[in-house]
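Survey of secondary and tertiary structure
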Amino acid sequence: MVLDDEDIPTSKDYYFDSYAHFGIHEEMLKDEVRTVSYRRSIYENQHLFKGKVVLDVGCGTGILSMFAAKAGAKLVIGVDMSSIIDHAKVIVKDNGFEGKIVLLKGKMEEVVLPVEKVDVIISEWMGYCLLYESMLNTVLYARDRYLVPGGLIMPDTAIMYMAAIEDGDYKDEKIGFWDSVYGFNMSHIKTLALREPLVDTVDNKAVVTTSHPFRTIDLATVTVEDLTFSVPFRIVATRDDFIHAFICYFDIRFGACHKPVKFSTGPHAQYTHWKQTVFYLDDAITVKAGEVVEGTFALAPNKKNNRDLDISISYKFEGELSKVEGTHHYKMS
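Residues numbered from 1 in each chain as written. Predicted model: local features only at pLDDT ≥ 70, side-chain atom pairs only at ≥ 80, totals over all residues. Heavy atoms only, no water.

**Some details on the overall build of the protein chain**
When its secondary structure is counted, the protein chain shows eight helices and 15 strands. Taking 20 Å as the expected radius of gyration for a compact globule of 333 residues, we find that the protein chain reaches 22 Å, a close match to that expectation. Its C-alpha atoms put the protein chain at 65 × 45 × 35 Å along the principal axes. Taking all 333 residues of the protein chain together, the buried fraction comes to 47%. Across the protein chain, every contact between residues at least 6 apart in sequence was considered, and the portion connecting residues at least 24 apart equals 72%. Of the roughly 16,700 Å² that the protein chain leaves accessible, carbon and sulfur atoms contribute 51%. Taking the 36 positively charged and 48 negatively charged side chains of the protein chain as two groups, their mean positions are separated by 6 Å. (Helix = DSSP H or I, 4+ residues; strand = E, 2+ residues; numbered from the N terminus. Rg over C-alpha atoms; globule rule 2.2 N^0.38 Å. Buried < 20%, exposed > 50% of the residue type's maximum accessible area, 1.4 Å probe, protein only. Contact = heavy atoms within 4.5 Å. Areas by Shrake-Rupley, 256 points an atom, 1.4 Å probe, with all protein chains shown as cover. Lys, Arg positive; Asp, Glu negative; His and termini not counted. Charge placed at Lys NZ, Arg CZ, Asp CG, Glu CD.)

This is the structure:
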């Protein structure tokens with residue numbers, strides 16, 4: 001297929017339709033942890049797909065749809081509202097799946113499927129910090145509207161974790177920078193920067209506490225209302241050090257597989273494009289090995305844009321060298 005200039009998305013299109021750009025799909029496809037995990041969960045479990053009707057929510061380039069079709073699905077229906085689906089239709093045809101894979105352009109809540117029910121839903125719905133700009137609400141709509149009783153959702157479980165890191169040098173570079181910019185006081189920006197979580201790769205050596213699994217999402221039962229929550233956490237210092245930030249990451253599990261497939265986006269694991277989400281504190285916490293930081297992690301969709309997140313982290317620490325408590329409010333947008 002030869003693309004004319006008018007077929008190439010522009011920056012204006014990107015504002016409204018970021019997933020129309022090929023670069024973001026290239027990044028996701030090259031994320032081998034992500035893509036190979038999905039492929040394994042499908043190819044190694046063809047008994048779950050053979051003769052089944054499969055729905056791919058947010059199908060993008062159609063890679064998951066083609067995995068399912070190759071695994072023996074009777075029919076695969078892919079839905080995406082981005083214009084990337086126009087190119088996915090060509091990809092599906094070029095790979096010999098025309099007729100077995102049907103691609104529909106539009107919102108999941110508005111398109112009309114060619115079937116009443118589906119046996120399996122597959123989707124790569126996760127965002128940064130799991131829920132930022134995620135498609136989980138759309139997957140839940142598809143589950144409630146189309147999935148047969150006892151049908152499968154892949155993946156089926158997500159677990160969110162929290163830990164703390166020593167990151168003084170980088171914090172000074174990213175946050176302290178605003179104290180004096182070419183001789184001018186721009187500390188006003190510093191307060192704004194502290195409210196904006198940083199998505200970046202954290203060196204596992206920077207982690208100074210245990211990790212706490214603070215939220216488990218079971219896709220078979222979770223509701224949209226469950227995606228607004230406030231839950232406790234408890235992490236333990238593993239060495240004498242300073243805490244400059246909390247981090248959040250998540251694990252994904254395909255529990256229906258004959259041999260369960262899972263992957264982690266944590267700093268201890270192989271790199272993924274989700275990286276980790278870093279929440280900087282105003283002031284460092286001085287901890288000794290074995291001391292405990294307790295608190296609550298609260299998350300809610302932003303009222304103006306439900307793909308953005310409002311996050312609050314409250315914490316209390318009483319150690320030998322310092323005692324501190326506080327609440328920090330963050331916005332992922």
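**What about the packing of aromatic side chains?**
A complete count under the given rule lists twelve aromatic pairs for this structure. An angle of 70° between the planes, with centres 5.5 Å apart, marks the rings of Phe250 and Trp274 as edge-to-face. With Phe250 in strand β10 (residues 241-254) and Trp274 in the loop between β11 (261-264) and β12 (276-287), the pair connects residues that are 24 residues apart, well separated along the chain. On the basis of relative accessible area, Phe250 is assigned to the buried category, the value being 2%. Look at Phe279 and Tyr330: their rings are 5.1 Å apart centre to centre, the planes differ by 70°, and that puts the pair in the edge-to-face class. Taken as a pair, Phe279 in strand β12 and Tyr330 in strand β15 (residues 323-332) lie far apart in primary sequence, 51 residues in all. Tyr330 matches Phe279 in its accessibility class, with the two residues each being buried. Through a chain of ring-to-ring contacts, the aromatic side chains of Phe214, Phe279, Phe297 and Tyr330 assemble into a single cluster. (Phe/Tyr/Trp six-rings, centres within 6.5 Å; stacked < 30°, edge-to-face > 60°.)

**Some words on the sheet that holds strand β13 (residues 292-301)**
As summarised here, the arrangement of the four strands in space is β9-β13-β14-β15, forming an open sheet in which the pairing is antiparallel. Looking at strand neighbours, the two that pair on one side only are β9 (229-236) and β15, the edges of this open sheet. Strand-to-strand twist of the sheet, defined as the mean angle between neighbouring strand axes without regard to direction, takes the value 15°. Of the strand pairs in this sheet, β13 and strand β14 (residues 309-318) are connected by nine bridges, and their pairing is antiparallel. (Pairing = 2+ DSSP bridges. Axes fitted to C-alpha atoms, helices over the stretch in contact; angles between N-to-C directions.)

**A look at helix α4 (residues 63-70)**
Most of α4 is tucked away, with seven of its eight residues classed as buried. Every buried residue belonging to α4 is among Ile63, Leu64, Ser65, Met66, Phe67, Ala68 and Ala69, and all of these are buried. Where α4 ends, the next residue or the one after it, Gly72, has phi of about 105°, a positive value.

**Things to note about the pairing of strand β2 (residues 75-80)**
Counting buried residues in β2 gives six out of six residues, a clear majority hidden from the surface. The side-chain alternation of β2 yields two buried faces, one formed by Leu75, Ile77 and Val79 and the other by Val76, Gly78 and Asp80. The sheet contact formed by strand β1 (residues 53-57) and β2 spans five bridges and is parallel. Considered in β2, the bridge of Val53 is made with Leu75. Relative to strand β3 (residues 101-105), β2 runs parallel, the two being bridged by five bridges. Each bridged residue has a counterpart across the sheet, and for Gly78 the counterpart in β3 is Leu103. Handedness of the β2-helix α5 (residues 84-94)-β3 crossover: right-handed. (Right-handed = clockwise from strand over helix to strand, strands pointing away.)

**Quick word on unusual backbone geometry**
With omega at 0°, the peptide bond leading from Met154 into Pro155 counts as cis. Relative to the assigned elements, Pro155 resides in the loop between β5 (147-154) and β6 (157-165). The backbone of Glu133 sits at a positive phi, close to 55°, despite the residue not being glycine. As for its position among the elements, Glu133 is in the loop between β4 (118-123) and α6 (136-146). Judged by its relative accessible area of 37%, Glu133 falls in the partly exposed class.

**Observations concerning a nonpolar patch on the surface**
On the surface, Tyr182, Phe184 and Met186 cluster together into a nonpolar patch covering about 420 Å² of accessible area. Summarising the element assignment, Tyr182 is placed in the loop between α7 (168-174) and α8 (187-195). Exposure remark for Tyr182: the relative accessible area of 79% places this residue in the exposed category. (Patch = residues over 30% accessible without salt bridge, like charges linked within 9 Å, V, L, I, M, F, W, Y side chains within 5 Å. Salt bridge = Lys/Arg side-chain N within 4 Å of Asp/Glu carboxyl O.)

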